[in-house]
Amino acid sequence: LSGAWAAPVAIDELNTDDDEFSGVLSADGLELLFSRRDNQAGVTAVLRAQRTTPSEPWQVVETLDFGVESATDAIWLSPDTLMVAVRTAAGNTDLVVARREGASFVVIDTLDALNSDANETDPWLSASGDELLFTSGRTGTQRIYRALLD
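Residues numbered from 1 in each chain as written. Predicted model: local features only at pLDDT ≥ 70, side-chain atom pairs only at ≥ 80, totals over all residues. Heavy atoms only, no water.

What to know about the overall build of the protein
Working step 1: The number of helices and strands found in the protein is zero helices and 11 strands.
Working step 2: Along its sequence from the N terminus, the protein presents helices and strands in the succession β-β-β-β-β-β-β-β-β-β-β.
Working step 3: The C-alpha radius of gyration computed for the protein amounts to 16 Å, which stays within 12% of the reference 15 Å derived for 150 residues, consistent with globular compactness.
Working step 4: Structurally, the protein occupies a C-alpha span of about 45 × 40 × 35 Å along its principal axes.
Working step 5: Out of the 150 residues in the protein, the part that is buried amounts to 38%.
Working step 6: Within the protein, counting contacts between residues at least 6 apart in sequence, those at least 24 apart form 28% of the total.
Working step 7: On the protein, roughly 8900 Å² of surface is accessible, and the fraction owed to carbon and sulfur atoms is 51%.
Working step 8: The average position of the 10 basic charges and that of the 25 acidic charges among the side chains of the protein differ by 4 Å. (Helix = DSSP H or I, 4+ residues; strand = E, 2+ residues; numbered from the N terminus. Rg over C-alpha atoms; globule rule 2.2 N^0.38 Å. Buried < 20%, exposed > 50% of the residue type's maximum accessible area, 1.4 Å probe, protein only. Contact = heavy atoms within 4.5 Å. Areas by Shrake-Rupley, 256 points an atom, 1.4 Å probe, with all protein chains shown as cover. Lys, Arg positive; Asp, Glu negative; His and termini not counted. Charge placed at Lys NZ, Arg CZ, Asp CG, Glu CD.)

Considerations on the packing of aromatic side chains
Working step 1: For the coordinates displayed, the defined rule picks out one aromatic pair.
Working step 2: Taken together, a centroid distance of 5.8 Å and an interplanar angle of 20 degrees make the contact between Phe134 and Tyr145 stacked. Placement of Phe134 in strand β10 (residues 131–136) and of Tyr145 in strand β11 (residues 143–148) is noted, with a sequence separation of 11 residues between them.
Working step 3: For Tyr145, a relative accessible area of 22% translates into the label partly exposed.
Working step 4: Here the basic side chain of Arg138 rests over the ring of Tyr145, its NZ or CZ set 4.9 Å away from the ring centre. (Phe/Tyr/Trp six-rings, centres within 6.5 Å; stacked < 30°, edge-to-face > 60°. Lys NZ or Arg CZ within 6 Å of the ring centre and 35° of its normal.)

Details of the nonpolar core
Working step 1: Grouped together as the largest cluster of nonpolar side chains are 12 residues: Val24, Leu33, Val46, Leu64, Phe66, Ile75, Leu77, Val84, Val86, Val96, Ala98 and Phe105.
Working step 2: Sorting the residues of this core by element identifies β6 (83–90) and β7 (92–101) as the ones contributing at least two each.
Working step 3: Apart from the residues within four sequence positions on either side, Leu33 is in contact with Ser22, Gly23, Val24, Val46, Leu47, Arg48, Leu64, Ile75, Leu77 and Val84.
Working step 4: In this structure, Trp76, Leu111, Leu125 and Leu132 belong to the second largest nonpolar core, which totals nine residues. (Core = buried A, V, L, I, M, F, W, Y, C linked by side-chain atoms within 4.5 Å.)

Details of the pattern of salt bridges
Working step 1: For the coordinates displayed, the defined rule picks out six salt bridges.
Working step 2: One salt bridge connects Glu120 with Arg138, and the closest N-O pair in it is separated by 3.2 Å. Taken together, the residues Glu120 in strand β9 (residues 120–125) and Arg138 in the loop between β10 and β11 connect sequence positions 18 residues apart.
Working step 3: On the accessibility criterion, Arg138 (36% relative accessible area) is partly exposed. (Salt bridge = Lys/Arg side-chain N within 4 Å of Asp/Glu carboxyl O.)

Here we look at the pairing of β10
Along any regular strand, the residues point their side chains to alternate faces of the sheet.
Working step 1: Here four bridges tie β9 to β10, and the two strands are oriented antiparallel to one another. From the neighbouring strand, Glu120 faces β10, where its bridge partner is Ser136.
Working step 2: The turn linking β9 back onto β10 is made up of five residues, and Gly129 within it adopts a positive phi angle of 80 degrees.
Working step 3: Where β10 lies against β11, six bridges are found, and the strand directions are antiparallel. Pairing of Phe134 across the sheet is with Tyr145, part of β11.
Working step 4: Linking β10 to β11, which pair antiparallel, is a turn of six residues; within it Gly140 sits at a positive phi near 100 degrees. (Pairing = 2+ DSSP bridges.)

Some thoughts on the sheet that holds β11
Working step 1: Strand order in the open sheet made by the three strands is β9-β10-β11, with antiparallel pairing throughout. Of all the strands in the sheet, the pair left with one neighbour each is β9 and β11. Sheet twist, expressed as the mean angle between neighbouring strand axes with direction ignored, is 25 degrees. (Axes fitted to C-alpha atoms, helices over the stretch in contact; angles between N-to-C directions.)

Listed below in structure tokens is the structure:
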């Protein structure tokens with residue numbers, strides 16, 4: 001990267017009175033997954049926004065349902081936008097992986113074999129889908145872990 005960055009500009013069509021964070025942009029720049037924390041209800045959700053061209057404004061399409069109490073930050077989106085991994089909050093934070101089916105995502109793995117009684121976060125799945133890197137506090141200190149699909 002060379003040159004100077006322009007001044008940041010708030011994306012007004014996505015921002016609300018609540019907290020928005022942890023955005024992940026698709027490779028083509030037309031889809032954005034991000035977290036929104038409802039400050040009154042104390043619930044965080046992952047939302048999906050789209051636009052038709054990189055110069056068009058964003059439109060929130062849906063709140064993604066991962067079948068858990070609260071999907072939070074630490075979102076990973078595959079380069080082809082067909083898979084997503086997120087940190088969920090239902091007690092300790094755990095990881096789930098979902099696959100796109102039509103316009104929505106459906107949970108395909110709650111990663112029970114990898115999640116522990118500690119907090120898991122920061123998922124990153126390889127393009128082939130057979131390697132997962134993540135952070136876990138299972139030893140009392142946050143460490144980076146690697147798991148391979150058998």
